[in-house]
Protein chains: 2
Amino acid sequence: MQLLEERIMRDGVVKAGDVLKVDNFLNHQIDVDLLNEMGKEFYRLFGDKQIDKIVTIESSGIAIAAITAQYFHVPLVFAKKTQSINIDGEVLSTKIQSFTHKRVYDVIISKKYIKEGEHVLLIDDFLANGCAVQGLIEMIKQAGAVVEGVGIAIEKGQMQGGKLLRDEGLQVESLAIIESMDDKTGKITFRH
Amino acid sequence: MQLLEERIMRDGVVKAGDVLKVDNFLNHQIDVDLLNEMGKEFYRLFGDKQIDKIVTIESSGIAIAAITAQYFHVPLVFAKKTQSINIDGEVLSTKIQSFTHKRVYDVIISKKYIKEGEHVLLIDDFLANGCAVQGLIEMIKQAGAVVEGVGIAIEKGQMQGGKLLRDEGLQVESLAIIESMDDKTGKITFRH
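Residues numbered from 1 in each chain as written. Chains lettered and ligands numbered in written order. Predicted model: local features only at pLDDT ≥ 70, side-chain atom pairs only at ≥ 80, totals over all residues. Heavy atoms only, no water.

1. Quick notes on the overall build of chain A
In terms of regular secondary structure, chain A is built from 5 helices and 11 strands. Burial statistics for chain A: of 192 residues in total, 58% are counted as buried. Sequence-distant contacts in chain A: of pairs separated by 6 or more residues, those separated by 24 or more amount to 61%. Summed over all atoms, the accessible surface of chain A reaches about 8300 Å², with 48% contributed by carbon and sulfur. If the 23 positive side-chain charges of chain A are averaged to one point and the 28 negative ones to another, these points end up 4 Å apart. (Helix = DSSP H or I, 4+ residues; strand = E, 2+ residues; numbered from the N terminus. Buried < 20%, exposed > 50% of the residue type's maximum accessible area, 1.4 Å probe, protein only. Contact = heavy atoms within 4.5 Å. Areas by Shrake-Rupley, 256 points an atom, 1.4 Å probe, with all protein chains shown as cover. Lys, Arg positive; Asp, Glu negative; His and termini not counted. Charge placed at Lys NZ, Arg CZ, Asp CG, Glu CD.)

2. Quick look at the packing of aromatic side chains
All names here are of chain A. Throughout the structure, instances matching the rule amount to 2 aromatic pairs over all chains. Relative to phenylalanine 72, the ring of tyrosine 43 has its centre 4.9 Å away and its plane inclined at 75 degrees; by these criteria the two rings are edge-to-face. Of this pair, tyrosine 43 sits in helix 2 (residues 32-46) while phenylalanine 72 sits in helix 3 (residues 62-72), and the two are 29 residues apart along the sequence. Taking relative accessible area as the criterion, phenylalanine 72 reaches 12% and is therefore assigned buried. It is lysine 81 that lies over the ring of tyrosine 105; its NZ or CZ is 4.8 Å from the centre. (Phe/Tyr/Trp six-rings, centres within 6.5 Å; stacked < 30°, edge-to-face > 60°. Lys NZ or Arg CZ within 6 Å of the ring centre and 35° of its normal.)

3. Here's the deal with the relation of the copies chain A and chain B
For the pair of chain copies, the relating transformation is a rotation about an axis with a translation along it. When chain A is fitted to chain B, the best match, at an RMSD of 0.0 Å, comes from turning it 180 degrees and sliding it 0.0 Å along the axis. Those values place the two copies in the arrangement expected of a two-fold rotation axis. Here 100% of the interface residues in chain A have copies in chain B that are interface residues too; the copies meet face to matching face. (Least-squares fit on C-alpha atoms with pLDDT ≥ 70 in both.)

4. Points about the side chain of Thr68(A)
On the secondary structure map, Thr68(A) appears in helix 3. Look past the residues within four positions of Thr68(A) in its chain and what remains in contact with it is Gly39(A), Phe42(A), Ile54(A) and Ile123(A).

5. As for the pairing of strand 6 (residues 91-98) of chain A
Residue and element names in this part refer to chain A. Counting buried positions along strand 6 gives 6 out of 8 residues, so the element sits mostly inside the fold. Two elements, strand 6 and strand 7 (residues 103-110), share 8 bridges in a ladder whose sense is antiparallel. Across the sheet, residue serine 98 finds its bridge partner in strand 7, namely arginine 103. (Pairing = 2+ DSSP bridges.)

6. Comments concerning the nonpolar core
The nonpolar side chains of soluble globular proteins are, as a tendency, buried together. Ranked by size, the top nonpolar core spans 78 residues in total, and within it Leu20(A), Ile54(A), Ile154(A), Leu20(B), Ile54(B) and Ile154(B) carry the most contacts. Leaving out residues up to four positions away in the same chain, Ile154(A) has contacts with Leu4(A), Ile8(A), Leu20(A), Val22(A), Leu26(A), Asp125(A), Phe126(A), Leu127(A), Ala176(A) and Ile178(A). (Core = buried A, V, L, I, M, F, W, Y, C linked by side-chain atoms within 4.5 Å.)

7. Quick word on the pattern of salt bridges
All names here are of chain A. The final tally for this structure, using the stated rule, is 24 salt bridges over all chains. Measuring nitrogen to oxygen at the nearest pair gives 3.1 Å for the salt bridge that ties glutamate 37 to lysine 40. Here glutamate 37 and its partner lysine 40 are both found in helix 2, 3 residues apart, which amounts to about one turn of the helix. Judged by its relative accessible area of 40%, lysine 40 falls in the partly exposed class. One continuous salt-bridge network, built from bridges that share partners, spans Arg7, Arg10, Asp11 and Asp31. (Salt bridge = Lys/Arg side-chain N within 4 Å of Asp/Glu carboxyl O.)

8. Remarks on helix 2 of chain A
Residue and element names in this part refer to chain A. Look at helix 2: 21 Å from first C-alpha to last across 15 residues, which is about the 21 Å you get at 1.5 Å a residue. For helix 2, the complete set of buried residues consists of Val32, Leu34, Leu35, Asn36, Met38, Gly39, Glu41, Phe42, Leu45 and Phe46. The distance from a side-chain oxygen at the start of helix 2 to the backbone nitrogen of aspartate 33 is 3.1 Å, and the residue carrying that oxygen is aspartate 31. (Expected span 1.5 Å × (residues − 1). Polar contact = N/O pair within 3.5 Å; in protein donor to acceptor, adjacent residues only side chain to side chain.)

9. A look at the interface of chain A and chain B
Reports of interface size often rely on the accessible area that becomes lost once the parts have come together. Taken together, the contacts link 32 residues of chain A with 32 residues of chain B. Carbon and sulfur atoms make up 53% of the surface buried where chain A meets chain B, a total of about 2600 Å² over both sides. Considering only the side of chain A, the residues that lose the most area to chain B are His28(A), Gln29(A) and Tyr113(A), jointly responsible for 26% of the buried surface there. At the boundary of chain A and chain B, one finds 0 salt bridges. Linking chain A with chain B are 22 residue pairs in polar contact (both at pLDDT 80 or more). Of all the elements in the fold, those that place two or more residues in the side of chain A that touches chain B are strand 3 (29-30), helix 2, helix 3, strand 5 (76-82) and strand 7 of chain A. Per-element tally for the side of chain A that touches chain B: the top contributor is helix 3 of chain A, with 6 residues. (Buried area = accessible area lost by both parts, 1.4 Å probe.)

10. Digging into the packing of helix 2 of chain A against helix 3 of chain A
Residues and elements named next belong to chain A. Where helix 2 meets helix 3, the closest approach of the two axes is 8 Å, and the angle between their N-to-C directions is 50 degrees. By the criterion of interaxial angle, the relationship of helix 2 to helix 3 is oblique. Between helix 2 and helix 3 lies a crossing whose hand is right-handed. Between helix 2 and helix 3, the contacting residues are Val32, Leu35, Asn36, Met38, Gly39, Lys40, Phe42, Tyr43 and Phe46 on the first element and Ala63, Ile64, Ile67, Thr68, Gln70, Tyr71 and Phe72 on the second. Residue composition of the contact of helix 2 with helix 3, grouped by class: 11 nonpolar, 4 polar and 1 charged. (Axes fitted to C-alpha atoms, helices over the stretch in contact; angles between N-to-C directions. Parallel < 35°, antiparallel > 145°, perpendicular 65-115°, else oblique. Left-handed = near helix turned anticlockwise from the far one by under 90°. Nonpolar A, V, L, I, M, F, W, Y, C, P; charged D, E, K, R; others polar.)

11. Section: unusual backbone geometry
Residue and element names in this part refer to chain A. With omega at -5 degrees, the peptide bond leading from glutamate 58 into serine 59 counts as cis. Even without being glycine, histidine 73 reaches a positive phi, approximately 55 degrees. By the secondary structure assignment, histidine 73 is in the loop between helix 3 and strand 5.

12. Some thoughts on the packing of helix 1 (residues 2-11) of chain A against helix 2 of chain A
Across the interface, helix 1 of chain A lies against helix 2 of chain A with an axial gap of 10 Å and an inter-helix angle of 145 degrees. Counted together, Leu3(A), Leu4(A) and Arg7(A) of helix 1 of chain A and Leu34(A), Glu37(A) and Met38(A) of helix 2 of chain A form the full contact between these two elements.

The following block contains the structure:
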């Protein structure tokens, strides 16, 4: 998506260790008009599918997922990170390793909000090693629901997450895929 | 706002200790079409003011704030809760006591995203004792910016948060104000 690539070129900051900071427009300060264009694009890519629900994970996936859900007119459910996991049989749960924060989170979704047989679109801001999306998929499967696709704002193409998901046969659509980035020059190239 | 009151009556669950669970439509599963109507209403209430930015706090404020920001066509900034506060002079920060979780969070906003002289609208899902909003106001003031108003989805009118903010002369608009609720009968009454 050209608009997003241009914005990454303009405002993204490359840091050492394959870190791309986009907190100017995507995950701290949020350009809601840009997110609207991204939501429309996800609808163009997935709008012909049966989508009953959009699922994301807190916190930085919520804004893009909420804006996107408007185009599908379906509820959004966000998975919650928790330290004090209280597995009382009422939640779907998994563990997710954060690439950014180098730690493992317990993540839960109330069973009430993902029903057997529902068709789910996953939306998230970043796809790197794919741990967050794989964790969401695991919870969707626990519920007996179906993952119809995965919509990502920015995929780090130099990492394995996207490849692994596509190898499983999933439709993964990333609005920008980083081919490579260099924290010394700040140069970012995209895969098309 | 009648639509929201009706939804609270239908799907809200009153629990002991003045807890109102609205995770069916507001803060776990999210009815984005309802949020759109709420965003429009905030625009009706604050649209005549100069608003340069909308500010909320993760996680449950993000969806309603993002949807609302669309009507104002301004960026959204969300304050982040952090355990490992790293005050390097680059962040606005405060401590906020959570009513729901009975604990104190360090909360930060990058100084880059609230500028001196900016006019800010605060949006959050709940107003109870007002600690979250007071913390946000403190950070806005640290930045030398101006709080133009506070938009809340659900205010617990039986608690002091709203009164304290209004006594400071702030325009606080809550789309539903709980007058009282009873966890034994489930009965909820609203203030008008």
